[in-house]
Amino acid sequence: MTSSTQPIAGPKMPPLASAAAPISHRLPRFALRLLEWGIPAALVVALAIGFARYRAAHPNALVHYETGVVDRGALAAKVTATGALSALVTVQVGSQVSGRIGSLSVDFESVVKQGQTIATIEPSLFKAQVAQARASFLSANAALAKANADRALAERQFERAKALLAEGLMSKSDYDTAEATVDVTEAARGAATADVGQARASLDQALLNLHYTMIVSPIDGVVISRNVDVGQTVAAALQAPTLFTIAQDLTHMQVDTNVAEADVGKIRPALAVTFTVDAYPQREFKGVVRQVRDNAQTLQNVVTYDAVIDVDNSERLLKPGMTASVVFTYATRESVLRIPNAALRFKPDAATLAAMDARHAVPPNSNPLKVDERVVWVLHENEAAARTIRTGITDGSSTEALAGDLRDGDRVVVEANSATPTKP
């Protein structure tokens, strides 16, 4: 017999409220509004109070700083200048006489020796002048010979006149005539002698002009310029025209630089320099200062001096006339404190200075600075403090710190701006 157990039905219980039911079903409407708007408002108030307290504790937060870093390293003090390359000796060869160019023996880049004929002027006219001067010279010699003969004849006649006058066979007037004839012939002989000298000088000048038709090199060197062609007429009436330019030795050259008067005191003979030229921008050439010339050059009220630099040009890369950008390194230092030059130039304006910490402000004119002293502003925890330092050499971007309260790694202010205007 099968038996089954039936559940016993108990009394029914009411359903419990769900724990996950929305709060809005359990809170009044005004409380819900308070929560929606009160929490953000409380956060805004808290942020405002925090910002006010931060500004009270950090007054310099109103100043925006740009800084550089003090570091330690090598420093080289330099002076820059520009100049032009040239040969040590450059000679401009001209013509002493006028005429037509008959021949040219050399051209650009020709190597010449001293005394070598490099051009000729057509000599026909000068040969004719020599022949004419020689004929005049011979004629003057003949005239001198005739004057000598006349002088000898006049002396013999005068001797006879003296004898005849002593014997009473000649009148006094004839004797005076014979004596005067001697003087006249003597004067004529002197004039003839002078004519011979003049004719000789004219002949020498004609021969010299003929010799000048052969243009020779005055030095050993290289022809760097030729200004004439065969058949061209040159005129030397007012000044000698330049036919050739000859450089003595292009394996040794020089740079003539224009050094500003503010920097010339730093340049001295035997100072090593470097320079570059546009033809080889990646190549650095070396040289040595030979002399600093005292002759000043003034252009538009700018005074410069010529510092002459000797250059080795064994490779023949450098050419006369090239523009050189020269760097004179007059002092070097190893392992020194280096300050950015922008920090030395920084000087806060009135508004920025008022926004900075007044405890670190520098009273105006309280401590006059020496020539080598500067004021820098060191930033620490967003507060800038002014410090006086003594400076040394500079390379244009950094300066050596010789003395002062600075350490490697300090941040120095190079620019500062006030975030809000200062109240008057």
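Residues numbered from 1 in each chain as written. Predicted model: local features only at pLDDT ≥ 70, side-chain atom pairs only at ≥ 80, totals over all residues. Heavy atoms only, no water.

Observations regarding the overall build of the protein
Argument step 1. For the protein, the count of helices and strands is 5 helices and 19 strands.
Argument step 2. Taking all 424 residues of the protein together, the buried fraction comes to 30%.
Argument step 3. At a minimum sequence separation of 6, the contacts of the protein that also span at least 24 residues come to 75%. (Helix = DSSP H or I, 4+ residues; strand = E, 2+ residues; numbered from the N terminus. Buried < 20%, exposed > 50% of the residue type's maximum accessible area, 1.4 Å probe, protein only. Contact = heavy atoms within 4.5 Å.)

Notes on unusual backbone geometry
Excluding glycine, most residues fall at negative phi; most peptide bonds, likewise, are trans.
Argument step 1. Phi angles above zero are rare outside glycine, and Glu109 is one such case at about 70°.
Argument step 2. You can see Glu109 is positioned in the loop between strand 4 (99-104) and strand 5 (111-112).
Argument step 3. Taking relative accessible area as the criterion, Glu109 reaches 51% and is therefore assigned exposed.
Argument step 4. Phi is positive for Ala270, which is not a glycine, with a value near 75°.
Argument step 5. Mapped onto the elements of the fold, Ala270 is located in the loop between strand 11 (252-260) and strand 12 (272-277).

Describing the sheet that holds strand 4
Argument step 1. Spatially, the 4 strands line up as an open sheet ordered 7-6-4-9, and their pairing is antiparallel. On the outer flanks of this sheet lie strand 7 (214-216) and strand 9 (233-234), each paired with one strand and no other.
Argument step 2. Of the strand pairs in this sheet, strand 4 and strand 6 (residues 117-121) are connected by 3 bridges, and their pairing is antiparallel. Residue pairing in the sheet places Ile101 in a bridge with Ile121 of strand 6. (Pairing = 2+ DSSP bridges.)

Some points on the packing of aromatic side chains
Argument step 1. Taken as a whole, this structure holds 3 aromatic pairs when the rule is applied.
Argument step 2. Measuring from centroid to centroid gives 5.4 Å for Phe158 and Tyr175, while their planes differ by 35°, and the two rings are tilted. Of this pair, Phe158 sits in helix 2 (residues 124-167) while Tyr175 sits in helix 3 (residues 172-212); the two residues are 17 residues apart in sequence, bridging distant segments of the chain. Residues Phe158 and Tyr175 agree in their burial class; the two are buried.
Argument step 3. With 5.6 Å between their ring centres and 20° between their planes, Phe275 and Phe285 make a pair best called stacked. One end of the pair, Phe275, is in strand 12; the other, Phe285, is in strand 13 (residues 280-299), with 10 residues separating them in the sequence.
Argument step 4. Taking the relative accessible area as the measure of exposure, Phe275 reaches 1% and is therefore buried.
Argument step 5. Through successive ring pairs, a cluster of aromatic residues spans Phe275, Tyr280 and Phe285.
Argument step 6. Against the face of Phe137 rests Arg200, its NZ or CZ located 5.4 Å from the ring centre. (Phe/Tyr/Trp six-rings, centres within 6.5 Å; stacked < 30°, edge-to-face > 60°. Lys NZ or Arg CZ within 6 Å of the ring centre and 35° of its normal.)

Re the side chain of Asn313
Argument step 1. Looking at the element boundaries, Asn313 is found in the loop between strand 14 (302-312) and strand 15 (323-340).
Argument step 2. When residues no more than four places from it in sequence are discounted, the contact partners of Asn313 are Leu250, Thr251, Met253 and Leu318.

Topic: the nonpolar core
Argument step 1. Counting residues in hydrophobic clusters, the biggest one holds 31 residues, and the most contacted among them are Ile267, Phe275, Val277, Ile309, Leu318, Val326 and Phe328.
Argument step 2. Elements that contribute at least two residues to this core include exactly strand 2 (71-87), strand 11, strand 12, strand 13, strand 14 and strand 15.
Argument step 3. Once residues within four sequence positions are removed from consideration, Ile309 is found in contact with Met253, Gln254, Val255, Thr257, Val273, Gly287, Val288, Val289, Arg290, Val326 and Phe328.
Argument step 4. Ranked by size, the runner-up nonpolar core spans 17 residues in total, among them Val112, Ile121, Val234 and Ile246. (Core = buried A, V, L, I, M, F, W, Y, C linked by side-chain atoms within 4.5 Å.)

Here's the deal with the environment of Asn295
Argument step 1. Looking at the secondary structure, you find Asn295 in strand 13.
Argument step 2. Asn295 gets classed as exposed once you look at its relative accessible area, which sits at 56%.
Argument step 3. Expressed as a C-alpha distance, the spacing of Asn295 and Tyr305, which sit 10 residues apart in the sequence, is 6.6 Å.
Argument step 4. Asn295 has contacts with Thr304 and Tyr305, leaving out every residue within four places of it along the chain.

Remarks on the side chain of Ser225
Argument step 1. The topology assignment puts Ser225 in strand 8 (residues 221-226).
Argument step 2. Ser225 sits in the buried class, given a relative accessible area of 18%.
Argument step 3. A polar contact is formed between the side chain of Ser225 and the side chain of Asn227, at a distance of 3.0 Å.
Argument step 4. If sequence neighbours within four positions are ignored, Ser225 has contacts with Phe108, Leu243, Phe244 and Thr245. (Polar contact = N/O pair within 3.5 Å; in protein donor to acceptor, adjacent residues only side chain to side chain.)

As for the pairing of strand 19 (residues 411-418)
Argument step 1. Summarising the sheet, strand 1 (residues 63-69) and strand 19 pair through 7 bridges and their orientation is antiparallel. Bridge pairing in strand 19 links Tyr65 to Ala416.
Argument step 2. Here strand 16 (residues 373-380) pairs with strand 19 via 2 bridges, running antiparallel. If you follow Leu379 over to strand 19, its bridge partner there is Arg411.

Considerations on the environment of Ile219
Argument step 1. For Ile219, the location among the structural elements is in the loop between strand 7 and strand 8.
Argument step 2. Given a relative accessible area of 14%, Ile219 falls into the buried group.
Argument step 3. Counting along the chain gives 105 residues from Ile219 to Gln114, while the straight-line C-alpha distance between them is 4.4 Å.
Argument step 4. If sequence neighbours within four positions are ignored, Ile219 has contacts with Val89, Val91, Val112, Lys113, Gln114, Ile246, Ala247 and Gln248.

Looking at the confidence of the model for the protein
Argument step 1. When the pLDDT values of the protein are averaged, the result is 84; 84% of them are 70 or greater.
Argument step 2. Counting interchain partners and residues more than four positions distant, the pLDDT-below-50 stretch residues 1-24 has 2 contacts. (pLDDT = per-residue confidence, 0-100.)

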